[in-house]
Amino acid sequence: EAQVTQNPRYLITVTGKKLTVTCSQNMNHEYMSWYRQDPGLGLRQIYYSMNVEVTDKGDVPEGYKVSRKEKRNFPLILESPSPNQTSLYFCASTTPGMYNEQFFGPGTRLTVL
Amino acid sequence: AQKITQTQPGMFVQEKEAVTLDCTYDTSDPSYGLFWYKQPSSGEMIFLIYQGSYDQQNATEGRYSLNFQKARKSANLVISASQLGDSAMYFCAMRELGWISNFGNEKLTFGTGTRLTIIP
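Quick notes on the rules
- For every chain, the first residue of its written sequence is number 1, and the numbers climb from 1 along that sequence.
- Chain letters start at A and ligand numbers start at 1, both assigned in the order the entries are written.
- Only residues with pLDDT of at least 70 are given local features in this predicted model, and only at 80 or more are side-chain atom pairs given and counted; all residues enter the totals for whole chains, interfaces and linings.
- The side-chain numbers reported here are obtained from all heavy atoms of the structure, hydrogens and water having been left aside.
- A pair of cysteine sulfur atoms is labelled a disulfide when the two atoms are within 2.5 Å.
- Helix numbers and strand numbers start at the N terminus; a helix is a DSSP run of H or I with at least 4 residues, a strand a run of E with at least 2.
- Throughout this description, buried means an accessible area under 20% of the type-specific maximum (1.4 Å probe, protein chains only), exposed means over 50%, and partly exposed covers the range between.
- Residues are treated as being in contact if the distance between any of their heavy atoms lies within 4.5 Å.
- What makes a patch is a set of residues exposed beyond 30% relative accessible area and free of salt bridges, joined within 9 Å when like-charged and within 5 Å when nonpolar (Val, Leu, Ile, Met, Phe, Trp, Tyr).
- Only the protein chains shown count as cover for residues, with accessible areas throughout obtained via the Shrake-Rupley method and a probe of 1.4 Å.
- Should a side-chain nitrogen of Lys or Arg be within 4 Å of a carboxyl oxygen of Asp or Glu, the pair is scored as a salt bridge.
- To define a nonpolar core, start from buried Ala, Val, Leu, Ile, Met, Phe, Trp, Tyr and Cys residues and group those joined through side-chain atoms within 4.5 Å.

K.L.:
Would you mind going over the state of the cysteines with me for this structure?
P.N.:
Working definition: the covalent bond between the sulfur atoms of two cysteines is a disulfide. All names here are of chain A. Within the structure shown, the criterion is met by 2 disulfides over all chains. Across the disulfide from cysteine 23 sits cysteine 91; the S-S distance is 1.8 Å. The chirality of the disulfide connecting cysteine 23 with cysteine 91 is left-handed, given an S-S dihedral of about -70°. Separated by 68 residues along the polypeptide, cysteine 23 in strand S3 (residues 19-25) and cysteine 91 in strand S9 (residues 87-94) bring together distant segments of the chain. The two residues cysteine 23 and cysteine 91 agree in class, both being buried.

Here you go:
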């Protein structure tokens, strides 16, 4: 089954404790992206990757890091989480092209205390 | 300026009625795509329908259709014969080709969403 998986699905942590949210896709997609969803703001892009070892900032990259060492994986790293990073996070992937839908992971609900 | 505007924060509709969810967009890029996603209470994002800026006909997908009015920059989602399972958050999103500004970035710009509740 074609899918994007994320782990963990739910996470409660404390300020300053480094964490990683994993994302993996089995569709051989070149492009992957991270979004965060906040009430009243919709989804906003954090980082994206055009392919292995090629990443760039999205609209709200502060406080986040990513890496793309393998095509299928695109982890999101919060080196020192803060309460304003409490949000619902989505990983997405697609094959580049105007007409291609983006496939979203199930989401990770993160709470930073 | 907002690139995607959804002016209806919430809507209540009687079961079996048709419903229109509004979406207006703002872009100077001649090449763009418009997407609608559904987010049920479980949280996942479900792709519903797509319309390209050069498409001559309005997109349809089962009970979903997209009322695309290019001159007005609107891309409203129409759900016919609504069902209880249609209760969810609905997001309109745009992908701009933007060869200079967005090269290589397949970014979707999302609206703030409309929460649709179907009443039995």
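K.L.:
Looking at this structure, how should I read the environment of glutamine 83 of chain B?
P.N.:
All names here are of chain B. Relative to the helices and strands, glutamine 83 resides in the loop between strand S9 (74-79) and strand S10 (88-96). Glutamine 83 sits in the partly exposed class, given a relative accessible area of 40%. The spatial distance from the C-alpha of glutamine 83 to the C-alpha of glutamate 17 is 8.5 Å, given a sequence separation of 66 residues. Excluding residues within four positions of it along the chain, glutamine 83 makes contact with Glu15, Arg63 and Ile118.

K.L.:
What exactly am I supposed to notice about a nonpolar patch on the surface here?
P.N.:
On the surface, Ile12, Val14 and Leu113 of chain A cluster together into a nonpolar patch covering about 330 Å² of accessible area. With respect to the element layout, valine 14 of chain A can be found in the loop between strand S2 (10-13) and S3.

K.L.:
Could you clarify how one ought to interpret the nonpolar core in this entry?
P.N.:
The nonpolar side chains of soluble globular proteins are, as a tendency, buried together. In terms of nonpolar packing, the biggest core is built from 25 residues, with Tyr25, Trp36, Ile49, Leu77, Tyr90 and Leu116 of chain B touching the most fellow members. Counting only elements with at least two residues in this core, the list comes to strand S2 (10-14), strand S3 (19-21), strand S5 (32-39), strand S6 (46-52), strand S8 (64-69), S9, S10 and strand S12 (114-119) of chain B. In this structure, Leu19, Val21, Met32 and Tyr47 of chain A belong to the second largest nonpolar core, which totals 19 residues.

Coordinates in, geometry out; function isn't part of it.
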